[in-house]
Amino acid sequence: MPLPVVAIIGRPNVGKSTLVNRLAGGKDAIVHDEPGVTRDRTYRQAYWQDRDFLVVDTGGLVFDDDTEFLPLIREQALMALAEASAAILVVDGQAGVTGADETIAAWLRQQTVPVLLAVNKCESPDQGLVQASEFWRLGIGEPFAVSGIHGNGTGELLDALLAHLPPTEELEEPDEIRVAIVGRPNVGKSSLLNAFVGEQRSIVSPISGTTRDAIDMVVEQGGHRYRLVDTAGIRKKKNVEYGPEFFGINRAFKAIRRADVVLLVVDALDGITEQDQKLAGRIIEDGRACVVVVNKWDAIEKDSHTIYEYERHLKDRLHFTEWAPTIYVSAMTGQRIDKILELVNTAAEQHKRRVSTAVLNEVLEEALNWHTPPTTRQGRQGKIYYGTQVASQPPTIALFVNDPKLFNDNYRRYIERQFRQQLGFTGTPIRIFWRGKKLREVERNNPNRATKI
Ligand code: GDP
Ligand code: GDP
């Protein structure tokens, strides 16, 4: 049973590590001994009341100037957030609000993860609360006045934190696949949900989800359990009149966040719209698996070209989710509805898949032989020493190279394409991190790999 993860975010020197030490008590750090990206993150086990969780310090968020994240650090923070159930933004109450705090807060507000605001260094009995209240301005919600050194306020912070951790019963079902059905209004989500539930001869039971009004539904088919997340969100609009432009996109984003596999439902009659693309973008950003469900296929007048034309349209408008399988269905007639969960199974498997370092490097070697990395005008050539998968859900690969700047987008896309062609990963996004490393370091850490490529 995986423990929920809480990410600690903030600029340097605000007291993040002091606070982590306090939350984790005396427990030792769990250093994931995988090379690459996760190596930089240290998880500490913590508990409060009856809940265990992991705290991960993302390291200080540093900026180019006061406004732009350094890309690598942004990547790291995104990765930490992607697996986190909640985040704590730590700021320095004695220093007051800084530009960097504002930038981080603005960025966090765009993420779907719930964020708590810890105003650290507020140990002063008469100044603490005043210092903290200045941080309402960040738009993150209630500032908690805490002191990592003295321990004041951390109890209230942890109480609030527990409310954001997933209920334990959700964690106890490692075998179920969480499926979110998302799409614009009127594409047929609730018809699809009804068709799904109608199909099941086996159990269907509603279970409360993480937030107050989110109801999940569990269905079983072919020995698999599927948790359809936030089915209340799908049905809700039936009772409420929203304006035509109301989209409930935030609710959709939250469902995506909680899912393993997202069914992106689009309307065959309308084709792919900007809103569909926006949802697809979020699915990639959150690293979720995806199946594109083209609904209302019954309503399309078809000839022998229709499907090809439609495929071309999809390829054109959803090219960034080309890896997602597409299925043409009708919630109304029930056509192919029973095939959707088969695609969900495949996508979920690929999402969790781990590829051995040996296989990965065989693919890399082959790719490098076909196409050597670019050389700059000054004669510097990109070198890839080796690659290894550092995480799954989604599959995440770190490539150790002499200098990431030597690899242009074209070449990066080529390598990703090779991974996909040789390894599949149908239905899941993959992440590739290009990490600069001196050859000497590679040899020291991994002597038998260094000369392989
Ligand atoms: P990080 O870079 O965010 O991890 O910050 P550190 O935990 O290393 O703390 C930075 C500095 O702030 C250190 O000098 C700490 O002693 C100090 N500090 C941390 N927590 C507190 C606190 O609650 N009160 C005060 N006054 N200082 C603190
Ligand atoms: P939601 O807003 O995405 O939940 O969409 P609904 O399930 O409420 O469906 C919106 C409209 O599309 C309703 O009038 C449905 O009857 C219709 N609809 C849904 N699925 C299909 C389908 O497969 N074929 C056709 N022709 N109409 C459909």
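A brief report on the enclosed structure follows. (Residues numbered from 1 in each chain as written. Chains lettered and ligands numbered in written order. Predicted model: local features only at pLDDT ≥ 70, side-chain atom pairs only at ≥ 80, totals over all residues. Heavy atoms only, no water.)

1. Notes on helix H14 (residues 409-423)
Look at H14: 21 Å from first C-alpha to last across 15 residues, which is about the 21 Å you get at 1.5 Å a residue. Those residues of H14 hidden inside the fold are in contact with helix H12 (337-352), helix H13 (357-370), strand S15 (384-391), strand S16 (396-401) and strand S17 (431-436). Where H14 ends, the next residue or the one after it, Gly 424, has phi of about 85°, a positive value. (Helix = DSSP H or I, 4+ residues; strand = E, 2+ residues; numbered from the N terminus. Expected span 1.5 Å × (residues − 1). Contact = heavy atoms within 4.5 Å.)

2. Things to note about the packing of helix H9 (residues 249-258) against helix H10 (residues 274-285)
The interhelical angle for the contact between H9 and H10, taken along N-to-C directions, is 30°, at an axis separation of 10 Å. Here H9 lies roughly parallel to H10, going by the angle between them. Crossing of H9 against H10: the hand is right-handed. Contacts from Ile 249, Ala 252, Phe 253 and Ile 256 in H9 reach Lys 278, Leu 279, Arg 282 and Ile 283 in H10. Here the residues of the contact of H9 with H10 sort into six nonpolar, no polar and two charged. (Axes fitted to C-alpha atoms, helices over the stretch in contact; angles between N-to-C directions. Parallel < 35°, antiparallel > 145°, perpendicular 65-115°, else oblique. Left-handed = near helix turned anticlockwise from the far one by under 90°. Nonpolar A, V, L, I, M, F, W, Y, C, P; charged D, E, K, R; others polar.)

3. Here we look at the pairing of strand S4 (residues 51-57)
Taken across its seven residues, S4 has five buried, putting it largely inside the fold. Sheet topology places strand S1 (residues 5-9) next to S4; four bridges connect them, and they run parallel. When the sheet's bridge partners are listed, Val 5 is paired in S4 with Leu 54. (Buried < 20%, exposed > 50% of the residue type's maximum accessible area, 1.4 Å probe, protein only. Pairing = 2+ DSSP bridges.)

4. Quick word on the site of ligand 1
Near ligand 1 lie 14 residues; those nearest to it are Asn 13, Lys 16, Ser 17, Thr 18 and Glu 123. Asn 120 places a side-chain nitrogen or oxygen 3.1 Å from a nitrogen atom of ligand 1. Gly 148 is positioned such that a nitrogen or oxygen atom in its backbone is 2.9 Å from an oxygen atom of ligand 1. In isolation ligand 1 offers 570 Å² of accessible surface; the protein chains occlude 70% of this area. The leading source of residues in the shell around ligand 1 is helix H1 (residues 16-23), at three residues. (Near = heavy atom within 4 Å. Polar contact = N/O pair within 3.5 Å; in protein donor to acceptor, adjacent residues only side chain to side chain. Areas by Shrake-Rupley, 256 points an atom, 1.4 Å probe, with all protein chains shown as cover.)

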